[in-house]
Amino acid sequence: MPGEMLRWNDLLTYLETNHAAIQQFPGDRFRFAYRVAGAAVKYPDGTEIVFGGYIVRSPTGSPWLVVALKLAAHEEVRPRPALVANFDLSLGSIAVIAGFAMLRQSMPLEGLRHETFERTLAVVASLAGELRAAKGRADASAEAEFDAPYAYIYR
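Asks: Kindly report on the confidence of the model for the chain, identifying the contributing residues and their values.
Replies: Per-residue confidence for the chain gives a mean pLDDT of 90, with 91% of residues at or over 70. When mean pLDDT is taken per element in the chain, strand 9 (residues 100-108) scores highest with 97 and helix 4 (residues 144-147) scores lowest with 51.

Have a look at this one:
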């Protein structure tokens with residue numbers, strides 16, 4: 001059905017058509033540069049937004065898509081405050097993946113509508129930008145926890 005992703009190949013075709021620099025890795029893993037209307041999307045600091053993703057299987061065997069964005073090296077994040085922050089996040093969760101604190105979001109792949117996928121990417125990218133900006137403010141000020149939401153998760 002047009003407008004939906006049902007399988008791994010549907011996802012890859014969609015990413016190749018709508019985003020850039022698609023890289024595939026073993027184990028149903030991938031990375032892509034985030035694009036909106038063909039233009040690169042960047043964080044306020046000018047860094048290009050690059051999503052990582054992978055497929056996991058539910059206990060019933062259905063595929064779930066996980067997308068993730070790097071926030072900081074895991075050593076730069078306080079584990080307990082990051083866990084507490086997960087309760088405040090509007091979407092996703094902070095997790096340590098491959099040595100990095102990352103904002104991740106999962107969604108069922110079967111029947112995933114393109115519009116829903118794009119809205120999810122937009123919200124995850126926006127929230128990751130806010131979390132990354134909080135790190136910059138945490139570095140700049142001892143009073144950062146009062147100046148910026150989520151600055152308390154950083155060392």
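Let us keep going from here.
Asks: Describe the nonpolar core, and please don't skip the residues or the numbers.
Replies: By size, the foremost hydrophobic cluster in this structure holds 41 residues, and its most contacted members are Leu11, Phe51, Leu65, Ile94, Phe117 and Leu131. Counting only elements with at least two residues in this core, the list comes to helix 1 (8-18), strand 3 (29-33), strand 6 (50-57), strand 7 (63-73), helix 2 (79-85), strand 9 and helix 3 (114-140). When neighbours within four sequence positions are excluded, Leu11 is seen to be in contact with Met5, Phe30, Ile55, Leu65, Leu109 and Phe117. With five residues, the next largest nonpolar core counts Tyr54, Val66, Ala68 and Met102 among its residues.

Asks: Please give an account of the pattern of salt bridges that cites residues and values.
Replies: Evaluated as defined, the whole model comprises six salt bridges. Salt-bridge contacts for Arg35 lead to Glu48; the nearest nitrogen and oxygen are separated by 2.5 Å. Here Arg35, found in strand 4 (residues 35-36), pairs with Glu48, found in the loop between strand 5 (39-40) and strand 6; they are 13 residues apart in sequence, far enough to count as distant. In this structure Arg35 comes out as buried when scored by relative accessible area, which is 17%. We classify Glu48 as partly exposed; its relative accessible area is 32%. Its salt-bridge partner being Arg113, residue Glu115 comes within 3.5 Å of it at the nearest N-O pair. It is possible to trace a salt-bridge network through shared partners that takes in Glu4, Arg113 and Glu115.

Asks: Describe the packing of aromatic side chains, listing the residues and the values that go with them.
Replies: In this structure the tally under the stated criterion is five aromatic pairs. Ring centres of Phe30 and Phe32 lie 6.0 Å apart, and the angle between their planes is 20°; this geometry places the pair in the stacked category. A centroid spacing of 5.4 Å and a plane angle of 10° characterise the contact between Phe32 and Phe51, whose relative ring orientation is stacked. Of this pair, Phe32 sits in strand 3 while Phe51 is found in strand 6, placing the two residues 19 residues apart along the sequence. Overall, the relative accessible area of 0% leaves Phe32 in the buried class. Over the ring of Tyr54 we find Arg29, and its NZ or CZ is 4.7 Å from the ring centre. Between the NZ or CZ atom of Arg132 and the centre of the ring of Tyr43, over which it lies, the distance is 4.0 Å.

The rules behind the values
- Positions within a chain are numbered from 1, following the residues in the order the chain's sequence is written.
- Totals for whole chains, interfaces and linings use all residues, but because this is a predicted model, local features are given only for residues with pLDDT of at least 70 and pairs of side-chain atoms are given and counted only at 80 or more.
- Each side-chain value is derived from all of the structure's non-hydrogen atoms; neither hydrogens nor water enter the calculation.
- The score called pLDDT rates the predictor's confidence residue by residue, from a low of 0 to a high of 100.
- Only DSSP runs of H or I covering at least 4 residues are called helices, and only runs of E covering at least 2 are called strands; the numbering of each starts at the N terminus.
- Side-chain atoms within 4.5 Å are what join buried Ala, Val, Leu, Ile, Met, Phe, Trp, Tyr and Cys residues into a set we call a nonpolar core.
- We call a residue buried when its accessible area falls under 20% of the maximum for its residue type, exposed when it is over 50%, and partly exposed in between, using a 1.4 Å probe and counting protein chains only.
- Here, two residues are considered to be in contact whenever any of their heavy atoms come within 4.5 Å of each other.
- One speaks of a salt bridge when a side-chain nitrogen belonging to Lys or Arg is within 4 Å of a carboxyl oxygen belonging to Asp or Glu.
- Any Phe, Tyr or Trp ring, taking Trp's six-membered ring, that has another such ring centre within 6.5 Å forms a pair; planes under 30 degrees apart are called stacked, those over 60 apart edge-to-face, and the others tilted.
- Consider the ring centre and the ring normal. A charge sits over the ring if Lys NZ or Arg CZ is within 6 Å of that centre and within 35 degrees of that normal.

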